[in-house]
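Read off the chains here:
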Amino acid sequence: MIITNTIDKSLAPLKAKLLEHPLYTKLNSVEAIRVFMTYHAFAVWDFMSLVKALQQKLTCTELPWVPVGSPSSRRLINEIVWGEESDVDTAGNPASHYELYLKAMDEIGADTAPIVNLVTAIQNGMPWQEAVSQAQIPEEIKTFVRFSLTTATTAPAHIVGGVFTYGREDLIPDLFIAIVRGLANQQKGSVDTLLYYLERHIELDGDEHGPMALQMMQELCGDSIKNWDEANSFAQKALEHRIRLWDFIAVQL
C-alpha cells in the first residue's frame, strides 16, 4: 500500500482543486444546473466505456468461457457494470445510469440533444472518432471525451484501471448534493431524479467498491514501478481533463 499512498499524495492537489472548484458556487439555480447537466452528461456517458474496457480486459467476454484473471477484480468490475448499466430508476424500472441521467435532464429541462445526437451516431455505426469530430459540441467537450475513449480503447489494463480508480472517482462534493436538495424543496419535483441519481451513485460507489478498486490496482501493477508510474501519470491526466471541463462549464454559467 506504500505505492498507493504515494499516488494519493501526488493526486491530492488536483483533487483538492476539483473539490474546491468555483463551479459549485455558481450552481445556484435550476437554469445553472440545466447548463451543467448538458455538458456533464458527456462525463456520465464516457465513464461507462472505461468500465466496459476493464470488463473486457479482466473478465472473459468470449466463448467458450474460461476463468480469466483475479476473481476479486472480476467481481469488482462485474458489480460496477451491473450498477452502471442495469440499475433501477425512481419507479424501480431497469435503467443504466446514463439513461437515468437523461431522464433527470428531461425532468429539469436540460438540453439532451448534444449527447443524444453523439450517442445515436455511434449506435448507427459511425466510428466514435468521426462521431466526436462531427458532433456539434464545444472543442473542450471533444477533448475530454477523446481522452476517455482513447484510453478505454487503446490503453493496457493498468492504465485504464488507474484512470478509473484514481482519476474518475465521484468528484462531485457534498456541496453540490446540498444545492440540489435545496432546489428540490423549492422546485417541487423538477430535480427529484437528479437527486436520486447522485445519491444512488454515492451508495453504489461506497465502502465496498473503493477497497476493491485499490486491490485491483495492486493486482494489475504488482511490483512493477513502471506500471504504477503509468497508472499515476494517466490518473493525473484524467483529473486535469476534469478540471478543464469544470473550468469550461463555469465560464458558461
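Located above this text is the structure these notes cover.
Note that the structure is a prediction, hence the values are computed from the model and not measured. (Residues numbered from 1 in each chain as written. Predicted model: local features only at pLDDT ≥ 70, side-chain atom pairs only at ≥ 80, totals over all residues. Heavy atoms only, no water.)

A.B. asks: Could you clarify how one ought to interpret the overall build of the chain in this entry?
C.D. replies: The helix and strand inventory of the chain stands at 13 helices and two strands. The buried share of the chain, taken over its 253 residues, is 51%. Expressed as a percentage of contacts within the chain between residues at least 6 apart in sequence, the contacts between residues at least 24 apart total 74%. Carbon and sulfur atoms make up 54% of the accessible area of the chain, which totals about 11900 Å². Across the chain, the centroid of the 20 positively charged side chains sits 3 Å from that of the 32 negatively charged ones. (Helix = DSSP H or I, 4+ residues; strand = E, 2+ residues; numbered from the N terminus. Buried < 20%, exposed > 50% of the residue type's maximum accessible area, 1.4 Å probe, protein only. Contact = heavy atoms within 4.5 Å. Areas by Shrake-Rupley, 256 points an atom, 1.4 Å probe, with all protein chains shown as cover. Lys, Arg positive; Asp, Glu negative; His and termini not counted. Charge placed at Lys NZ, Arg CZ, Asp CG, Glu CD.)

A.B. asks: Help me understand the pattern of salt bridges, please; the structure alone is not making it clear to me.
C.D. replies: Charged atoms that come close allow side chains of opposite charge to pair. Counting across every chain of the model gives nine salt bridges. A salt bridge links Glu-85 to Lys-52; the shortest N-O distance between them is 3.2 Å. Here the residue Glu-85 occupies a position in helix 4 (residues 71-85), and Lys-52 occupies one in helix 3 (residues 30-58), the gap between them amounting to 33 residues. One salt bridge in this structure joins Lys-103 and Asp-89, with 3.7 Å as the shortest N-O distance. With Lys-103 in helix 5 (residues 97-108) and Asp-89 in the loop between strand 1 (87-88) and strand 2 (94-95), this pair connects stretches of sequence that are 14 residues apart. Judged by relative accessible area, which is 35%, Lys-103 ranks as partly exposed. According to the relative accessible area criterion, Asp-89 is buried, its value standing at 10%. Here the residues in one salt-bridge network are Glu-139, Lys-142 and Arg-146, joined through shared partners. (Salt bridge = Lys/Arg side-chain N within 4 Å of Asp/Glu carboxyl O.)

A.B. asks: Where do I start with the side chain of His-158 in this structure?
C.D. replies: Relative to the helices and strands, His-158 resides in helix 9 (residues 157-167). Here His-158 falls in the buried class, since its relative accessible area comes to 10%.

A.B. asks: Teacher, can you tell me more about the environment of Ile-33 here?
C.D. replies: Positionally, Ile-33 belongs in helix 3. For the pair formed by Ile-33 and Leu-58, sequence separation is 25 residues and the distance between their alpha carbons is 36 Å. Not counting residues up to four positions away in its chain, the partners in contact with Ile-33 are Leu-27, Ile-108, Phe-176, Ile-179, Val-180, Leu-183 and Leu-194.

A.B. asks: Would you explain the nonpolar core in this entry?
C.D. replies: Core analysis: the biggest nonpolar cluster contains 86 residues, and Leu-27, Ile-33, Phe-36, Met-37, Tyr-101 and Met-216 have the highest contact counts within it. Looking at which element gives the most residues to this core, the answer is helix 3, with 18 residues. If we skip the residues at most four places from it in the chain, Leu-27 touches Ala-32, Ile-33, Phe-36, Phe-176, Ile-179 and Leu-253. (Core = buried A, V, L, I, M, F, W, Y, C linked by side-chain atoms within 4.5 Å.)

A.B. asks: Teacher, can you tell me more about the environment of Leu-102 here?
C.D. replies: Mapped onto the secondary structure, Leu-102 falls in helix 5. With a relative accessible area of 15%, Leu-102 lands in the buried category. For Leu-102, the contacting residues outside a window of four places in its chain are Thr-112, Ile-115 and Val-116.

A.B. asks: Quick question: what am I supposed to make of helix 4 here?
C.D. replies: Side chains that are three or four residues apart share a direction in an α-helix, a result of its 3.6 residues per turn. Its 15 residues give helix 4 an end-to-end C-alpha distance of 20 Å, which sits within 8% of 21 Å, the value for a rise of 1.5 Å per residue. For helix 4, the complete set of buried residues consists of Ser-73, Arg-74, Leu-76, Ile-77, Ile-80, Val-81, Gly-83 and Glu-84. Of the surrounding secondary structure, the elements contacted by the buried residues of helix 4 are helix 3, strand 1, helix 5, helix 9, helix 11 (192-204) and helix 12 (209-221). (Expected span 1.5 Å × (residues − 1).)

A.B. asks: How should I be thinking about unusual backbone geometry in this particular structure?
C.D. replies: Leaving glycine aside, a negative phi is the common case for residues, and trans is the common case for peptide bonds. That bond from Leu-63 to Pro-64 is cis: its omega, -5°, falls within 30 degrees of zero. In this fold, Pro-64 is placed in the loop between helix 3 and helix 4.

A.B. asks: Just to check I follow, could you spell out helix 8 (residues 139-154) for this structure?
C.D. replies: Look at helix 8: 22 Å from first C-alpha to last across 16 residues, which is about the 22 Å you get at 1.5 Å a residue. Among the residues of helix 8, those classed as buried are Ile-141, Lys-142, Phe-144, Val-145, Phe-147, Ser-148, Leu-149, Thr-151 and Ala-152. Residues of helix 8 that are buried make contact with helix 3, helix 7 (128-134), helix 9 and helix 13 (225-252).

A.B. asks: Just checking my understanding: could you explain the packing of aromatic side chains for this structure?
C.D. replies: Per the stated rule, a full pass over the model turns up six aromatic pairs. Taking the centre distance of 6.5 Å and the plane angle of 80° together, the rings of Tyr-24 and Trp-246 count as edge-to-face. Of this pair, Tyr-24 sits in helix 2 (residues 23-26) while Trp-246 is found in helix 13, placing the two residues 222 residues apart along the sequence. With a relative accessible area of 1%, Tyr-24 lands in the buried category. According to the relative accessible area criterion, Trp-246 is buried, its value standing at 0%. Grouped by ring-pair contacts, the aromatic residues Tyr-24, Phe-36 and Trp-246 constitute a single cluster. (Phe/Tyr/Trp six-rings, centres within 6.5 Å; stacked < 30°, edge-to-face > 60°.)

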